[in-house]
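# Structural description and commentary
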Amino acid sequence: MKKNNAEVAIACHNINKIYQTGDIFTQVLYNISFEIKRGEFVAITGPSGSGKSTIMHIIGALDSPSSGSYYLDGQDVSQLSDDELADIRKNKIGFVFQSFNLLKRTTVLRNVMLPLVYAEAPVENRLALASKALLAAGLEEDRWAHLSNQLSGGQMQRVAIARALVNNPAIILADEPTGNLDTKTGEIVLDTFRRLNKEEGHTIILITHEADVAKHADRIIYIKDGHLVE
Amino acid sequence: MFKDLYQETMAAITANKARSGLTILGIVIGIASVIALIAVGQGTQDSIKTSIQSIGSNLIMVMPGAQRSGGVSGGMGSAQSLTLDDAKAIGQEIDGVKAVAPEISKRYQVIFGSSNTNTSIVGTSISYQEIRSLEIDTGVFLSAEDVSAMRKVAVIGSTTRDDLFGAGFDPVGKTIKVNNINFKVVGVTKSKGGSGSNTQDDQIIIPYTVAQKYFTNNQYVGTISISAESEEMIDTVQEQVSALLLERHDKTEETTDFRIMNQADIVSAASSITETLTMLLAAIAGISLIVGGIGIMNMMLTNVTERTREIGLRKAIGAKRNDISNQFLAESISLTFLGGFIGIILGWAIAWGIAQFASLNTSVSWSSILLAFGVSAGIGIVFGYYPARRASRLNPIDALRYE
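Residues numbered from 1 in each chain as written. Chains lettered and ligands numbered in written order. Predicted model: local features only at pLDDT ≥ 70, side-chain atom pairs only at ≥ 80, totals over all residues. Heavy atoms only, no water.

## A look at the side chain of A:Thr192
Residue and element names in this part refer to chain A. Relative to the elements of secondary structure, Thr192 occurs in helix 6 (residues 183-200). Classification of Thr192 by relative accessible area gives buried; the value is 5%. One polar contact links the side chain of Thr192 to the main-chain carbonyl oxygen of Ile188, over a distance of 2.8 Å. (Helix = DSSP H or I, 4+ residues; strand = E, 2+ residues; numbered from the N terminus. Buried < 20%, exposed > 50% of the residue type's maximum accessible area, 1.4 Å probe, protein only. Polar contact = N/O pair within 3.5 Å; in protein donor to acceptor, adjacent residues only side chain to side chain.)

Shown next, in the form of structure tokens:
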């Protein structure tokens, strides 16, 4: 793992986002600017409707800002086409979702190897990469051959974390990763993120509306009504 | 990359076996009926061709023209314009003619003892055997003396023999009654197969001199059969015969009172009918294929909707539009290909069953199999394209939120 804290993983400058529905324009983000350095563990938080999901989509290269610039890992990704954004997501971002989004009736290993299919990683390397990611995410080896729907919520989320890690992305973007878990299991998942950040140097961005969850991060970016609150 | 696609596709198809199976069934039925119906059409065409070809070798037939309003009795043929002298002239004056036989034919009730049958009586010359490639099963064919001495002898077809005497009976030497006139059976022809009006197995051949004396009382004949020396000669012989008869009858091309057909004409006329029939059958079967294709489309659309979140996830981890659309296209093409494969086997089996139990000839051709494969793959692409495109255009954010 690269451990150069001086390097910037994410740089947002004056990002605005305006949605258009028919003739109605709705502005959800106003002049958002922030930076996240490599190896940081940051929480982006705010109440529902604050615009934090929109920020998550822009950071995650799922959506583009209406204006402003966004640099991910040194590359301007604010004005790319759908397929170019797909390439960015494939190479630089690992997603962890609230509802896990694992493929049903599919083994843990195959779920973790899925990003390698799109990254066109050589078939012979895939098992090793997936095993490494599963170990890092802390899932017991005797579960690896199980089907994803045979696991508990906490185990499923660790599979999802392993899937996010497997392609060695620049950032790991976790969207309410504890939202579907009880507090105790949630703690285990958050501990996993902390360990990945501290021990392996992964850059982790946690999107959550829960203050209790957000405080696990080293730094909190607070959004309210589409504005950054310092 | 193809291995990944294959694994994904198989996983998706087997994930919902009942639904995939039922969808495939639509294609199976469509392809199987196309294969089976084309096989029936093709088989019918083949058997018609064979039976026409078995009528004779390098055969040219001259028939009277359309019936005219004046001076016509309902006798031989639809009009009376050809005479024995015409037949003799053809034999003597035209090069390339191997044999000529006049035919005077009429249907009569034929009686032997207590059994009787209605069959065609053909008065002809000894050349008839050669022209029509008849083989003798038992006894002999007509002889020149039979014709010149007007002997009341008959050569009967195998079906006629079965009807009058029973199968396997040797009727040579027996006497049959045709229109109350006694004929002595001298021979039986070998079966040529064929059915309906094509068959030469159900007829009684007698000397034309006898037919003229006892049945028609005039110089007219029904048909003149001509055998050309070779296949290449058929066209020139046909032209010369036409010119000669026009001259003899003092007619022009416009007022002609006879028709000339050769075997190739008959084969192609019959073929064009059966070809049209085959196309019709295939088109009807094709409708069920389209219905099957719509079933595929329906299933794929359901699939796309059900797997919206999965599509969202795949996009989030880096799948491009093409990756998604290829995945769904591969799925629909696999379904139709599998259906096509099973359908070909089933259609083949049905064609075989028809041949076995319905005594209809069937013939499964490679072209119809290739066609079936092509069509099933095409259906997969055509009916899979829209759902695949729809999947690939999904917005990942909306797809991930889909409930």
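## A word on the interface of chain B and chain A
Across the contact, 23 residues belong to chain B and 25 residues belong to chain A. In this assembly, chain B and chain A are joined by three salt bridges. In this structure, B:Arg321 engages A:Asp82 in a salt bridge whose closest nitrogen and oxygen atoms are separated by 3.0 Å. Our enumeration of links across chain B and chain A arrives at nine residue pairs in polar contact (both at pLDDT 80 or more). (Contact = heavy atoms within 4.5 Å. Salt bridge = Lys/Arg side-chain N within 4 Å of Asp/Glu carboxyl O.)

## Observations regarding the packing of aromatic side chains
Residues and elements named next belong to chain B. Here the structure, examined in full by the defined rule, presents seven aromatic pairs over all chains. Ring centres of Phe112 and Phe165 lie 4.3 Å apart, and the angle between their planes is 50°; on these two criteria the pair is classed as tilted. Taken as a pair, Phe112 in strand 2 (residues 97-112) and Phe165 in helix 6 (residues 158-165) lie far apart in primary sequence, 53 residues in all. For Phe112, a relative accessible area of 23% corresponds to the partly exposed category. Aromatic ring contacts, followed pair by pair, group Tyr108, Phe183 and Phe215 into a single cluster. (Phe/Tyr/Trp six-rings, centres within 6.5 Å; stacked < 30°, edge-to-face > 60°.)

## Quick word on the pairing of strand 6 (residues 175-178) of chain B
Residues and elements named next belong to chain B. Every second residue of strand 6 is oriented toward a common face, the buried set being Ile176 and Val178 and the non-buried set Thr175 and Lys177. In this sheet, strand 6 lies alongside strand 2 in antiparallel orientation, the contact comprising two bridges. Looking at the pairing, Ile111 lines up with Lys177 of strand 6. When strand 6 meets strand 7 (residues 181-189), the two strands line up antiparallel, connected through four bridges. Paired with Lys177 across the two strands is Asn182, which belongs to strand 7. (Pairing = 2+ DSSP bridges.)

## Regarding the pattern of salt bridges
Counted under the stated rule, the structure contains 23 salt bridges over all chains. A salt bridge links A:Asp73 to A:Arg38; the nearest nitrogen and oxygen atoms lie 2.2 Å apart. Of this pair, A:Asp73 sits in the loop between strand 4 (67-72) and strand 5 (75-76) while A:Arg38 is found in the loop between strand 2 (24-37) and strand 3 (41-45), placing the two residues 35 residues apart along the sequence. Assessed through its relative accessible area of 26%, A:Asp73 is described here as partly exposed. According to the relative accessible area criterion, A:Arg38 is buried, its value standing at 12%. B:Arg151 serves as the salt-bridge partner of B:Asp146, at 3.0 Å between the closest nitrogen and oxygen.

## Considerations on the confidence of the model for chain A
Low pLDDT means the predicted atomic positions in that stretch should not be read closely. All names here are of chain A. For chain A, mean pLDDT is 91; residues scoring 70 or higher make up 97% of the total. Per-element mean pLDDT across chain A ranges from 90 in strand 5 up to 95 in strand 3. Contacts from residues 1-5, a stretch scored under 50 in pLDDT, to residues over four places away or in other chains number 10 contacts. (pLDDT = per-residue confidence, 0-100.)

## Overview of the domain arrangement of chain B
Many analyses report the size of an interface as the accessible area lost when the parts associate. Domain assignment breaks chain B into domain 1 (2-51 + 269-401) and domain 2 (66-256). Just the C-alpha atoms count here: the centres of domain 1 of chain B and domain 2 of chain B sit 54 Å apart. (Domains from an automatic or database assignment.)

## Thoughts on empty space enclosed by the protein
Within this structure, the stated rule accounts for three cavities of 30 Å³ or more. Its volume calculated, the largest cavity comes out at about 60 Å³. In this structure, the largest cavity is lined by A:Arg89, A:Lys90, A:Ile93, A:Gly94, A:Phe95, A:Pro115, A:Arg163, A:Ala164, A:Asn167 and B:Ile317. Elements represented by at least two residues in the lining of the largest cavity include exactly helix 2 (82-92), strand 6 (93-96) and helix 5 (153-165) of chain A. The element that contributes the greatest number of residues to the lining of the largest cavity is strand 6 of chain A, accounting for three residues. For the lining of the largest cavity, the class distribution of residues is five nonpolar, two polar and three charged. (1 Å grid on protein atoms, 1.4 Å probe; cavity = no way out; pocket = protein on both sides within 12 Å on 5 of 7 lines; lining within 4 Å. Points joined across faces, edges and corners; volume = space filled by probe spheres on them. Nonpolar A, V, L, I, M, F, W, Y, C, P; charged D, E, K, R; others polar.)

## As for the confidence of the model for chain B
All names here are of chain B. A residue-level look at chain B finds 95% of positions with pLDDT of 70 or above and a mean pLDDT of 86. Across chain B, element-level confidence peaks in strand 5 (residues 153-156) with a mean pLDDT of 94 and bottoms out in helix 1 (residues 2-15) with 84. Note on residues 71-77: pLDDT is under 50 here. Beyond four places in sequence and across chains, it has eight contacts.

## Observations regarding the pairing of strand 3 (residues 115-124) of chain B
Within a regular beta strand, the side chains point alternately toward one face of the sheet and then the other, so they alternate between its two faces. Residue and element names in this part refer to chain B. Of all 10 residues making up strand 3, seven are buried, and the element is well covered by its neighbours. When strand 2 meets strand 3, the two strands line up antiparallel, connected through 10 bridges. Paired with Tyr108 across the two strands is Thr119, which belongs to strand 3. Counting the residues in the hairpin turn of strand 2 and strand 3 gives two residues, including Gly113, whose phi is positive at 55°.

## Quick look at unusual backbone geometry
All names here are of chain A. With phi around 50°, Arg105 is a residue other than glycine that occupies positive phi space. Tracing the backbone shows Arg105 in the loop between strand 6 and helix 3 (108-118). Overall, the relative accessible area of 53% leaves Arg105 in the exposed class. Residues other than glycine seldom take positive phi values, yet Glu120 does so here, at roughly 55°. Along the polypeptide, Glu120 turns up in the loop between helix 3 and helix 4 (123-137). The class for Glu120 is exposed, based on a relative accessible area of 56%.

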